[in-house]
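An overview of the molecular structure
Spelled out from the first residue to the last, the chains are:
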Amino acid sequence: MNPAPSIVFFTTASGAGYGLLFWLGLLRPLRMAPHAPEFGLLALAVALVLIVAGLASSLLHLGRPERAWRALSQWRSSWLSREGVAAIATFVPAGLFGLGLLTGWDGLAVPAGLLAALGAAATVWCTGMIYASLKPIRQWHHPLVAPGYMVFAGFSGAALLAALGALAGRATVPALLAIGLGLAALVLKRRYWAAIDAKPPRGTPTIESATGLGRIGRTRPLDPPHTEQNWLLREMGFRIARKHRDRLRGLALGGFGGAALLALLALPLGGPLAALLLAAGALLALGGLLVERWLMFAEATHTVTLFYTGEA
Amino acid sequence: MTELPPPSAKKLGLVIDLDTCVGCQACATNCKEWNAGGHAAPLPDFQPYSAGAEGVWFNRVHSYEAGEGEAGRTVHFPRSCLHCETPDCVTVCPTGASYKRAEDGIVLVNAEACIGCGLCAWACAYGARELDEDAGVMKKCTLCVDRITNETIPAPQRQPACVIACPVSARHFGDLGDPESDVSKLVAARGGYDLMPEMGYRPVNKYLPPRERPAPNPNPPAEAQPSAAEIRNPLLRWLDRALSR
Ligand code: SF4
Ligand code: SF4
Ligand code: SF4
């Protein structure tokens, strides 16, 4: 699948923003993140900037962005529609959360923050399910894809909250979360790659089942239907060379592991040094996730290529 | 609405005969011609007169080789929307633009509501949807909905453009929900099948497999030889006699 930069950026940025919103809304009432309203406002602003930048970038991907509001109508069947509804609905408690912080009224800030955390989790789950529900793309139609989106959002959000919290002198819990989720991301992604690299299970579509010509014998393309490109091939025929793939996988895992390691180093320290390490860790986490997301598209294959090349 | 309607009794679709298809591209060409001005018009072409020409087509004709050696066959294979009964291309659509008609099962895109997100094309296993990058909306085979019910054209013309263009009648149009229809009988008689049934989309369109090649005759007839009396030209008759000695 074509790794369109707008979508790679969107899912990574909005994932991190929702992750940050989630941890902020959840940890603040538990006193596990800096409690000062100024800090809350700063973290909330960072989260919202990431979310809005991501959403704007996803709008750029549409053929008719001005009609985007129509996408809110089919939540009964469409995960993309559900994502849109959840994303917009989350702005309401997030706004009230900000209002509560601004007025210093915890009676509003705490419940609104918790609701915003819930909305953030729901939105990220919908994003994951958009991909996980697509049967023709076997690398996406996999049980680890949607949970992966949750883990990656939680990981990058925790890394960001740790980096911001260090500025306010309280980063222990978010840093611990970033370590745990970074390792979880590492394990999950390795298991996922092992699964999609393995021989596809029986019942996976082949050129023989796609054309029904398996009844005659092994089937291979002879003449293509068109000699030039078309949208289908540009969109779904993207292929990545194995050597690049291996190197990029290493980079992504390095980003996850590096972020966890820096957070671990920062734990016993404190002050500006910890803040520096945690900021570097958050950047590593986001960089690793950008590579991971690019790969998630580049490595995915679509059944339509069976008709063209005999392989998917 | 992108929820699927309850299954309709009428299931309009195509039956494509892989035995007779000669891969001439007439169906693809006539499809493009009709639809460039029909329900889904226009169908864009980019750089049509230079290298890198490409555009939106609803029907693409592939050619395959299947089997080995003497049993091997060349099979021409037209590919267009199968108007599936339970397709994800409809349910994933966030806007309701992609829909399946409740009355006859035709799968269409409402170009007025489509936002061009491309998700339905990702969800189609068969590559039957192509984005119109000019208008920013999704396009696909309409089953020539603007011909088959069109009262302003003569009745025999109320067939999909690809069907009437086919010079070898490899394409048939009809109601596959009615077991007594011509197309249903054809499918039953020839063992018509679904493409990629494991996808679970339950295509309405059916493909008829290439016929079995007749088994070679174990006692081939001896080659018929002309008798000398049949040779009219005297010179050749003499030559024949001379050479046969
Ligand atoms: S062939 Fe593709 S576009 Fe047509 S109905 Fe089936 S899934 Fe949808
Ligand atoms: S491209 Fe159009 S028809 Fe397809 S899913 Fe998006 S909005 Fe629906
Ligand atoms: S039914 Fe009409 S739109 Fe569909 S492939 Fe045939 S000619 Fe094209």
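Check the entry above for the structure.
Read on for an overview of the structure. Given the structure is predicted, the values throughout are model-derived calculations rather than measurements. (Residues numbered from 1 in each chain as written. Chains lettered and ligands numbered in written order. Predicted model: local features only at pLDDT ≥ 70, side-chain atom pairs only at ≥ 80, totals over all residues. Heavy atoms only, no water.)

1. Topic: the site of ligand 2
Taken together, the residues surrounding ligand 2 are Cys-93, Pro-94, Thr-95, Ala-97, Ser-98, Cys-114, Ile-115, Gly-116, Cys-117, Gly-118, Cys-120 and Met-138 of chain B. Of the residues in the shell around ligand 2, the class split is eight nonpolar, four polar and no charged. (Near = heavy atom within 4 Å. Nonpolar A, V, L, I, M, F, W, Y, C, P; charged D, E, K, R; others polar.)

2. Examining the site of ligand 3
All names here are of chain B. Around ligand 3, the neighbouring residues are Cys-31, Asn-35, Phe-58, Asn-59, Ser-80, Cys-141, Thr-142, Leu-143, Cys-144, Pro-160, Ala-161 and Cys-162. When contributions to the shell around ligand 3 are tallied by element, the ones reaching two or more residues are helix H1 (26-35) and helix H5 (161-165). A class-by-class count of the residues in the shell around ligand 3 yields eight nonpolar, four polar and no charged. (Helix = DSSP H or I, 4+ residues; strand = E, 2+ residues; numbered from the N terminus.)

3. Things to note about the environment of Leu-264 of chain A
Residues and elements named next belong to chain A. As for its placement among the helices and strands, Leu-264 is situated in helix H9 (residues 242-266). Since its relative accessible area comes to 47%, Leu-264 is described here as partly exposed. In this structure the C-alpha to C-alpha distance between Leu-264 and Leu-277, which are 13 residues apart in sequence, comes to 9.4 Å. (Buried < 20%, exposed > 50% of the residue type's maximum accessible area, 1.4 Å probe, protein only.)

4. Notes on the pattern of salt bridges
Applying the stated criterion to the full structure yields 27 salt bridges over all chains. Between Arg-76 of chain A and Glu-3 of chain B there is a salt bridge, with its nearest N and O atoms 2.8 Å apart. Of the two residues, Arg-76 of chain A sits in the loop between helix H2 (37-60) and helix H3 (79-103) while Glu-3 of chain B sits in the segment before strand E1 (12-17), which places them in two different chains. The residue Arg-245 of chain A makes a salt bridge to Glu-299 of chain A at a minimum N-O spacing of 3.9 Å. A residue pair is termed long-range when its members are at least 10 positions apart, and Arg-245 of chain A in helix H9 and Glu-299 of chain A in the loop between helix H10 (271-298) and helix H11 (304-309) qualify at 54 residues. One network of salt bridges, in which partners are shared, links Asp-197, Arg-245, Asp-246, Arg-249 and Glu-299 of chain A. (Salt bridge = Lys/Arg side-chain N within 4 Å of Asp/Glu carboxyl O.)

5. Regarding the sheet that holds strand E1 (residues 219-223) of chain A
The strands making up a sheet are joined through hydrogen bonds of the backbone, oriented either antiparallel or parallel. Spatially, E1(A)-E4(B)-E5(B) is the arrangement adopted by the three strands of the open sheet, whose pairing is antiparallel. Looking along the sheet, the strands with just one partner apiece sit at the ends: E1 of chain A together with strand E5 (73-79) of chain B. Geometrically, the sheet is characterised by an average inter-axis angle of 40 degrees between neighbouring strands, direction not taken into account. When E1 of chain A meets strand E4 (residues 60-66) of chain B, the two strands line up antiparallel, connected through four bridges. Bridging across to E4 of chain B, Asp-223 of chain A finds its partner in Ser-63 of chain B. (Pairing = 2+ DSSP bridges. Axes fitted to C-alpha atoms, helices over the stretch in contact; angles between N-to-C directions.)

6. Details of the nonpolar core
Leu-21, Tyr-131 and Trp-140 of chain A together with Trp-122 and Tyr-126 of chain B are the most contacted members of the largest nonpolar core, which has 137 residues in total. It is helix H5 (residues 145-167) of chain A that contributes the most residues to this core, 15 residues altogether. Residues Leu-14, Ile-148, Cys-162 and Val-163 of chain B belong to the second largest nonpolar core, which totals 13 residues. (Core = buried A, V, L, I, M, F, W, Y, C linked by side-chain atoms within 4.5 Å.)

7. Overview of unusual backbone geometry
The omega torsion of the bond from Ala-41 of chain B to Pro-42 of chain B falls at -10 degrees, within 30 degrees of zero and hence cis. Along the polypeptide, Pro-42 of chain B turns up in the loop between H1 and strand E2 (45-46). A positive phi angle, near 60 degrees, is found at Arg-31 of chain A, a position not held by glycine. Position of Arg-31 of chain A among the secondary structure elements: in the loop between helix H1 (5-27) and H2. On the basis of relative accessible area, Arg-31 of chain A is assigned to the partly exposed category, the value being 48%. Positioned with a positive phi, Ser-169 of chain B is a non-glycine residue whose angle comes to about 50 degrees. Tracing the backbone through its elements, the reader meets Ser-169 of chain B in the loop between H5 and strand E10 (171-175). Judged by its relative accessible area of 46%, Ser-169 of chain B falls in the partly exposed class.

8. Re the side chain of Asn-205 of chain B
Residues and elements named next belong to chain B. Here Asn-205 is to be found in the loop between helix H6 (182-190) and strand E11 (206-208). Note on Asn-205: relative accessible area 1%, which makes it buried. Polar contacts involving the side chain of Asn-205 include one to the main-chain carbonyl oxygen of Cys-81, which spans 3.0 Å. Leave out the neighbours within four places in its chain, and Asn-205 touches Gly-13, Leu-14, Ser-80, Cys-81, Leu-82, His-83, Tyr-193 and Asp-194. (Polar contact = N/O pair within 3.5 Å; in protein donor to acceptor, adjacent residues only side chain to side chain. Contact = heavy atoms within 4.5 Å.)

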